[in-house]
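# Descriptive structure summary
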Amino acid sequence: MILGLIIACEIGFWVAIVAGLSARYLARKPRLGAILLAMAPVVDLILLIAVAIDLRAGASATFAHALAALYIG
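Moving on, we come to the overall build of the protein. Per the secondary structure count, the protein includes 3 helices and 0 strands. When its C-alpha atoms are laid out on the principal axes, the protein stretches across 45 × 20 × 15 Å. The burial tally for the protein puts 23% of its 73 residues in the buried class. In the form shown here, the protein has an accessible surface area of approximately 5,000 Å², with 75% of it arising from carbon and sulfur atoms.

In structure tokens, the structure reads:
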């Protein structure tokens, strides 16, 4: 589950970055671009909360949890 969430967050991060930059510079909508660019750290926050909930629920730390920590770092 965590490994799939890491992949989804990685894709979501890059989608937010590309969409934000495209809106800002190609579509000339700086306010929309700023909102979309602000979504990039939100994606990381979602991953951090999901990993914390998983570990708090009693899951043992696995390679996926370590990978999530590396991705967030």
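Back to the text.
The geometry of helix α2 (residues 30-56) relative to helix α3 (residues 63-72) is characterised by a closest axis approach of 10 Å and an angle of 150° between their N-to-C directions. Comparing their axes, α3 and α2 come out roughly antiparallel. The way α2 lies across α3 gives a crossing that is left-handed. Every residue of α3 that contacts α2 at Asp44, Leu47, Leu48, Val51, Asp54 and Leu55 is listed here: His65, Ala68, Tyr71 and Ile72. Across the contact of α2 with α3, the residue classes break down as 7 nonpolar, 1 polar and 2 charged.

This part is about the packing of helix α1 (residues 2-26) against α3. Contact geometry of α1 with α3 gives a least axis separation of 9 Å together with a crossing angle of 20°. Judged by the angle between their axes, α1 and α3 are roughly parallel. Of the two possible hands of crossing, α1 and α3 adopt the one that is left-handed. Where α1 approaches α3, its residues Ile2, Leu3, Ile6, Cys9, Glu10 and Phe13 are matched on the opposing element by Ala64, His65, Leu67, Ala68 and Tyr71. Within the contact of α1 with α3, the residues separate by chemical class into 9 nonpolar, 1 polar and 1 charged.

Conventions used here
Residues numbered from 1 in each chain as written. Predicted model: local features only at pLDDT ≥ 70, side-chain atom pairs only at ≥ 80, totals over all residues. Heavy atoms only, no water. Helix = DSSP H or I, 4+ residues; strand = E, 2+ residues; numbered from the N terminus. Buried < 20%, exposed > 50% of the residue type's maximum accessible area, 1.4 Å probe, protein only. Areas by Shrake-Rupley, 256 points an atom, 1.4 Å probe, with all protein chains shown as cover. Axes fitted to C-alpha atoms, helices over the stretch in contact; angles between N-to-C directions. Parallel < 35°, antiparallel > 145°, perpendicular 65-115°, else oblique. Left-handed = near helix turned anticlockwise from the far one by under 90°. Contact = heavy atoms within 4.5 Å. Nonpolar A, V, L, I, M, F, W, Y, C, P; charged D, E, K, R; others polar.

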